[in-house]
Amino acid sequence: MVGKLKQNLLLACLVISSVTVFYLGQHAMECHHRMEERGQPPRGDGARAALGTAPSGIGGGANGSLPYSKDMPLIFIGGVPRSGTTLMRAMLDAHPDIRCGEETRVIPRILAVKQMWARSSKEKIRLDEAGVTDEVLDSAMQAFLLEIIVKHGEPAPYLCNKDPFALKSLTYLARIFPNAKFLLMVRDGRASVHSMISRRVTIAGFDLNSYRDCLTKWNRAIETMYNQCMEVGFQRCMLVHYEQLVLHPERWMRTLLKFLHIPWNQAVLHHEEMIGKAGGVSLSKVERSTDQVIKPVNVEALSKWVGKIPADVLQDMPVIAPMLAKLGYDPYANPPNYGKPDQKVVENTRRVYKGEFQLPDFLREVPQVQYGINFLFVGVAAKDIKQPLFYKPLLHEPDFLIDGEIC
């Protein structure tokens, strides 16, 4: 009898507990929906709210009075990785009217897929037969890219995107976004490649064990982007030499903002003071340049490559990387003479060498969890893995490669 009573009591407790959990769950969901409804604009006005104040290049109006569109004066920053693209976007992010944000990573990938379709005549025929014409694809690309650019960060009058290899599709972006402008970051290829190799920055297709291979791939990538920049013209595409930007930041930022038709603001010269602040510079814990752009503009990294490149590669440099000379670099200069820095940059560099700028705690990568996580070895192509260069926790599906050029 007692056993039967206990069984009934346990059953009753179980039923009551289940009903309580169900009720609390329903109540929590209702509260969540109410909070969302209060915090979001009415359906159909989301695009207006996402944009913020409309820039003068589109038209006047009160805050949020215009939806974002393909005619916005977007800014695209690109170049070969390790060419100063993160510094460039951080300096622009410090401007109160500009928001770039972290690399999206999806934008160069979807552009690479579009290029793959365009290169295949058979695929083009299949798509046309299915009614998926160039006009349909362009419209879809515009919508997709705008959604990513507008909604992956805070609203601002001027929006920009920094995904280095996106500018391998520069002419296409210029066509589908008629008012966009492009900043092509250019750096001495020897310095870019040394940075890749010494910091073990994985870029698909680049053999980090070979300066010769990486310089060859650097030459190919920068040539593609440079030619497209020339095709679009200097009215819409500006070459920014990393060395000159760090030697003379005010001169170049004034020129650059004038090119973009954006008013001057002194904050762009002090991006390090705006890191982590609302409306300031948002940095990623996982991007490889974060530990460098927390510092003010300095010349610490300009000539780190000197003395590190093998002699046979230096001897063949004009043949391996002919784009060096085309971009204004002396392929035989070792060390090179990039110029004399502004006094403020000299002062910044002294402070950097004293160790005044350390990575803040909120930007430190989360410690690796030791339970229930597989590890993905990074640093070489999967088929070539023998000894890993380093590892990181695999919390999601491995990145896929497109056109052998996704970093």
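Definitions and cut-offs
- Residue positions are given per chain, counting from 1 as you read along its sequence in written order.
- Restriction of local features to residues with pLDDT of at least 70 applies here, the model being predicted, together with a cutoff of 80 or more for giving and counting side-chain atom pairs; totals for whole chains, interfaces and linings are based on all residues.
- To obtain the side-chain values, all non-hydrogen atoms of the structure were used and water was disregarded.
- DSSP calls a pair of strands paired once it identifies at least 2 bridges connecting them.
- Secondary structure follows DSSP: runs of H or I at least 4 residues long count as helices, runs of E at least 2 residues long count as strands, and numbering of each begins at the N terminus.
- The criterion used for residue contact is that any of the two residues' heavy atoms lie within 4.5 Å.
- Here the axes come from fitting lines to C-alpha atoms, over the contacting stretch only for helices, and the angles between their N-to-C directions go from 0 to 180 degrees.
- For this document, the term salt bridge refers to a Lys or Arg side-chain nitrogen within 4 Å of an Asp or Glu carboxyl oxygen.
- The rule is simple: take the accessible area with a 1.4 Å probe, protein chains only, and divide by the maximum for that residue type; under 20% is buried, over 50% is exposed, in between is partly exposed.
- Polar contacts, as used here, are pairs of N or O atoms within 3.5 Å; protein pairs need one atom able to donate a hydrogen and one able to accept it. Residues neighboring in sequence count only if both atoms are side-chain atoms.
- As used here, the term nonpolar core means buried Ala, Val, Leu, Ile, Met, Phe, Trp, Tyr and Cys residues forming a set that is joined through side-chain atoms within 4.5 Å.
- Helix span, as expected, comes to 1.5 Å for every residue beyond the first.
- Note on disulfides: each one is a pair of cysteine sulfur atoms within 2.5 Å.
- Two rings from Phe, Tyr or Trp (for Trp, the six-membered ring) form a pair when their centres sit within 6.5 Å of each other. Planes less than 30 degrees apart are called stacked, planes more than 60 degrees apart edge-to-face, and all others tilted.

J.: Break down the sheet that holds strand β1 (residues 75-78) for me, citing the residues and quoting the values.
T.: Strand order across the open sheet formed by five strands is β2-β3-β1-β4-β5, with parallel pairing between neighbours. The open sheet terminates on both sides in strands that have one partner only, identified here as β2 (98-99) and β5 (237-241). Bridge count for strand β4 (residues 181-186) against β5 is five bridges, and the pairing is parallel. Pairing of Val186 across the sheet is with His241, part of β5. Taken strand by strand, helix α3 (residues 85-93) contacts β1, β2, β3 (158-162), β4 and β5, and its axis lies near 150° from that of β1. Docked against the sheet, helix α6 (residues 134-151) engages β1, β2 and β3, running at close to 105° with respect to β3.

J.: With reference to specific residues and values, describe the pattern of salt bridges.
T.: Enumeration over the complete set of coordinates arrives at 14 salt bridges. Where Lys124 meets Asp134, a salt bridge forms, and the shortest distance between an N and an O atom there is 3.8 Å. With Lys124 in helix α5 (residues 121-129) and Asp134 in helix α6, this residue pair connects regions lying ten residues apart in the sequence. On the basis of relative accessibility, which here comes to 28%, the residue Lys124 falls in the partly exposed class. Accessibility expressed as a relative area gives 33% for Asp134, which makes it partly exposed. One salt-bridge network, held together by shared partners, links Lys124, Asp128 and Asp134.

J.: Can you explain the side chain of Lys295? Please cite residues and give values.
T.: Considering the arrangement of structural elements, one finds Lys295 in the loop between α12 (290-293) and α13 (311-315). On the basis of relative accessible area, Lys295 is assigned to the buried category, the value being 17%. In terms of polar contacts, Lys295 uses its side chain to reach the side chain of Glu300, at 3.4 Å.

J.: Break down the nonpolar core for me, citing the residues and quoting the values.
T.: One finds Met88 and Leu92 to be the most contacted residues of the largest nonpolar core, which totals 94 residues. Broken down by element, this core gets its largest block of residues, nine residues, from helix α9 (residues 211-232). With residues up to four places along the chain from it excluded, the contact list for Leu92 reads Ile77, Ile98, Cys100, Leu183, Met253, Leu256, Leu257 and Leu260.

J.: Give me α6: which residues, what numbers.
T.: Residues spaced three or four apart along an α-helix face the same direction, because each turn holds 3.6 residues. Its 18 residues place the ends of α6 25 Å apart at the C-alpha level, agreeing with the 26 Å of an ideal helix rising 1.5 Å per residue. The complete set of buried residues in α6 reads Leu137, Asp138, Met141, Gln142, Leu145, Leu146, Ile149 and Val150.

J.: Which residues make up the state of the cysteines, and what are the values?
T.: Inspection of the entire model under this criterion finds two disulfides. Across a sulfur-sulfur distance of 1.7 Å, Cys100 and Cys160 are joined as a disulfide pair. On the sign convention where negative is left-handed, the bridge of Cys100 and Cys160, at about 130° about the S-S bond, is right-handed. Taken as a pair, Cys100 in the loop between β2 and α4 (106-119) and Cys160 in strand β3 lie far apart in primary sequence, 60 residues in all. On the accessibility criterion, Cys100 (0% relative accessible area) is buried. Within the chain, bonded cysteines paired by disulfides and numbered along the sequence follow the pattern 1-2, 3-4.

J.: Please provide a residue-by-residue account of unusual backbone geometry, values included.
T.: The amide bond that connects Asn334 to the next residue, Pro335, takes the cis arrangement and shows omega of 10°. For Pro335, the location among the structural elements is in the loop between α15 (323-326) and α16 (343-353). For Arg105, which is not glycine, the phi dihedral falls at a positive 70°. Along the chain, Arg105 turns up in the loop between β2 and α4. Here Arg105 falls in the partly exposed class, since its relative accessible area comes to 32%. The phi angle at His261 is positive, at roughly 60°, despite the residue not being glycine. Within the fold, His261 resides in the loop between α11 (249-260) and α12.

J.: I'd like a description of the packing of aromatic side chains, backed by residues and values.
T.: According to the stated counting rule, one finds three aromatic pairs in the structure shown. Here the aromatic rings of Phe76 and Phe182 are separated by 5.5 Å at their centres, their planes lie at 15°, and the arrangement is stacked. Here Phe182 lies in strand β4 and Phe76 lies in strand β1, a separation of 106 residues in the sequence. There is no split in this pair, since Phe76 and Phe182 are both buried. Seen from their ring centres, Tyr329 and Tyr338 are 6.4 Å apart, and the 85° between their planes marks the pair as edge-to-face. No difference in accessibility class separates Tyr329 from Tyr338, as the two residues are buried. Within the aromatic cluster, the residues linked to one another by ring pairs are Phe76, Phe177 and Phe182.

J.: Which residues make up the environment of Tyr329, and what values go with them?
T.: Note that Tyr329 resides in the loop between α15 and α16. In this structure, Tyr329 is in contact with Val186, Arg187, Asp188, Arg190, His241, Glu243, Leu324 and Tyr338, ignoring residues within four places of it in sequence. Within polar-contact distance, the side chain of Tyr329 engages the backbone nitrogen of Asp188 at 3.3 Å.

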